[in-house]
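# Notes for the structure review
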Amino acid sequence: KRIDKDHYQGPNGTLAFGLRHETIKVAGQKPVHVTIRTTIDGPVVATEKNSVLALKAVNLTHDFRSEDGLLALNEATSVDGAEKAAGLITTPVQNMLVASRKRIGLIVTGCVPERGSGDGAWPIDGSTQGSGWTGLACGDKLPRFIAPASHVLVNTNEQVAPPDFPVNFGPDQFGDWRSVAIRRAFAKHQKLTMSDFIATDYDIRSAYAAVLVPHLDAVTPKTALAKRAVDLLHGWNLRMARDLPQPLIFNAWIRQFRLDVLTQNHVPLSLAGPAHMEFIDALLTSKKQAKLWCSGNCTPLLAKSADQAMASLAKRHGKDPAKWRWGKAHDAVFSNPLIGGLPVIGHFLLPKIAVPGDGSTVDRSAPGPNGWTAVLGPSYRGVYDLADLNASRFTMAPGQSGDIFSDRAADFLKPWRDAKLIRLPRSPAHVTATLTLRPAGQ
């Protein structure tokens, strides 16, 4: 709570803002002079008449020392060494997988706040006693899985802590849809080969759609167009393939439904949170969530959303849903701020390619909130053979050169998309060109 321009209310009384003056030099213009106010919790990032919003973050504290941990990790020669190094990484919080020829491990890095109140989703009143951080959970206080009996560790950014874990990681956690698919693929083989790993990496069957489609089967839209489109989901193999209409129908329907639910409940999209797939899953599988968001029954709103979504798709892709294709709408564009910023022609010069998959598949190509262009996915892929590193396979898109006029600028696009990974041994089989770099003046 702000008392005046120089003071604020802390948990134990009135405190003076810390003041720091900075000058930001701007090319071609006058310098900008900035006064930064700080509180016991961190710098002030927003101010209103009677309150201020301060940011408290681990990397703004005096205990921030991630560079020590990263340096130690770079020098680690064993899983044990990596585990010790991980304990020194204070931020960010990430799920780190490490492997040697004999052992594997999954270690959560970073420090997670232990809170007196709240879960980090919303600001708290800093003037209330006991509402702030009570400490930090770091190192071995966070989940670690070393050499599991199953000999398998899988993670695709989902929460790894068990439900009864004493540290609260916050409310917005990603589901394990892709991990489920990976474990399913691994379970088919007693001994995994390089080809099995590559095939799993390019898996486009959606475990998320497998859960939701049975609930969508019970929905009957009103318009004939939407009925024809929704009927195509019956018997769908759940693969987000480029040459199928179902991935476009499914994703458009789910996106419109989410928008309609939030609008109906007066929730701005900016406050909806990142875990949108988990939100929809809860709406369709939990009676409690359906009661909270859909007055107990989401089916009528699902039908309305289908009508709206399919009408929108028809405007762009024609009136026959059977002829719609995911690959026509869903492509990966490799942006370049310099080239993309060229007037008129910039967009057409950027490397792009139609891709399968979506945000729920192992072969991830998640579209952004507007349109279907993939904005999240692996530009680099590597499958490592720890018994013979020279047998490892790699690919990186879009190509070898950043020069759009080079014939190598996009030569990896199709191999990257189509699972055509290449070997990159320590010694080349043959050399076609040599580039020598010398310091200036020599």
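Each remark here, short or long, concerns the structure printed above.
Residues numbered from 1 in each chain as written. Predicted model: local features only at pLDDT ≥ 70, side-chain atom pairs only at ≥ 80, totals over all residues. Heavy atoms only, no water.

It is worth spelling out a nonpolar patch on the surface at this point. A surface patch of nonpolar side chains, amounting to about 450 Å² of accessible area, comprises Y380, Y384, L386, L389 and M396. With respect to the helices and strands, the residue M396 is situated in strand β18 (residues 393-396). Residue M396 is classed as partly exposed on the basis of its relative accessible area of 43%. (Patch = residues over 30% accessible without salt bridge, like charges linked within 9 Å, V, L, I, M, F, W, Y side chains within 5 Å. Areas by Shrake-Rupley, 256 points an atom, 1.4 Å probe, with all protein chains shown as cover. Salt bridge = Lys/Arg side-chain N within 4 Å of Asp/Glu carboxyl O. Helix = DSSP H or I, 4+ residues; strand = E, 2+ residues; numbered from the N terminus. Buried < 20%, exposed > 50% of the residue type's maximum accessible area, 1.4 Å probe, protein only.)

On to the packing of aromatic side chains. Inspection of the entire model under this criterion finds 11 aromatic pairs. Ring plane angle 65 degrees and centroid distance 5.8 Å describe the contact between W326 and W372, whose orientation is recorded as edge-to-face. Note that W326 is positioned in helix α11 (residues 326-329) and W372 in the loop between β15 (366-367) and β16 (374-376), a separation of 46 residues in sequence. Neither residue differs from the other here; W326 and W372 are each classed as buried. Cluster of aromatic residues (ring-pair linked, three or more members): W177, Y208, W236 and F250. Seen from the ring of Y202, R381 lies directly overhead, with NZ or CZ sitting 4.1 Å from the centre. (Phe/Tyr/Trp six-rings, centres within 6.5 Å; stacked < 30°, edge-to-face > 60°. Lys NZ or Arg CZ within 6 Å of the ring centre and 35° of its normal.)

Glancing now at the nonpolar core. Burial of nonpolar side chains together is a common tendency in soluble globular proteins. In this structure, F250, W253, F257, I280, M310 and W324 are the most contacted members of the largest nonpolar core, which totals 45 residues. Contributing elements (two or more residues each) for this core: α5 (207-216), α6 (224-231), α7 (246-264), α8 (276-285), α9 (287-294), α10 (299-317) and α11. Residue contributions to this core peak at nine residues, all from α7. Apart from the residues within four sequence positions on either side, F257 is in contact with I280, L283, L284, C294, C298, L301, L302 and S305. Formed by eight residues, the second largest nonpolar core is a distinct cluster that contains A332, I353, V355 and L413. (Core = buried A, V, L, I, M, F, W, Y, C linked by side-chain atoms within 4.5 Å. Contact = heavy atoms within 4.5 Å.)

Spatially, the three strands line up as an open sheet ordered β8-β9-β12, and their pairing is antiparallel. Lying at the two open borders of the sheet, with one neighbouring strand each, are β8 (95-99) and β12 (144-146). Strand-to-strand, the axes of this sheet are offset by a mean angle of 15 degrees, without reference to chain direction. For β8 and strand β9 (residues 104-108), the ladder comprises five bridges, and the chain directions are antiparallel. Paired with L97 across the strands is L106, a residue of β9. (Pairing = 2+ DSSP bridges. Axes fitted to C-alpha atoms, helices over the stretch in contact; angles between N-to-C directions.)

Attention shifts here to the pairing of strand β3 (residues 13-16). In the sheet, strand β2 (residues 7-10) pairs with β3 via four bridges, with the strands oriented antiparallel. When the bridges of β3 are listed, G10 appears paired with G13. A loop of two residues connects β2 with β3, the two strands running antiparallel in sequence.

Of the pairings in the sheet, the one linking strand β17 (residues 380-383) to β18 comprises four bridges and is antiparallel in character. In the sheet register, Y380 faces β18, and the bridge partner there is M396. Here β18 pairs with strand β19 (residues 422-423) via two bridges, running antiparallel. By the bridge assignment for β19, F394 is matched with I422.

Below, the discussion takes up the state of the cysteines. Cysteine pairs can be covalently joined through their sulfur atoms, and such a bond is termed a disulfide. For the coordinates displayed, the defined rule picks out two disulfides. Residue pairing for C111: its cysteine sulfur links by disulfide to C138, the two sulfurs lying 2.1 Å apart. Disulfide C111-C138: torsion about the S-S bond near 120 degrees, hence right-handed. Remark: C138 occurs in strand β11 (residues 133-138) and C111 occurs in strand β10 (residues 111-115); sequence separation between them is 27 residues. Judged by its relative accessible area of 6%, C111 is buried. (Disulfide = S-S within 2.5 Å.)

Contact geometry of α8 with α9 gives a least axis separation of 6 Å together with a crossing angle of 100 degrees. When the interaxial angle is binned, α8 and α9 end up roughly perpendicular. Packed against α8, whose contacting residues are F279, A282, L283 and T285, the element α9 presents K287, Q289, A290 and W293 at the interface. (Parallel < 35°, antiparallel > 145°, perpendicular 65-115°, else oblique.)

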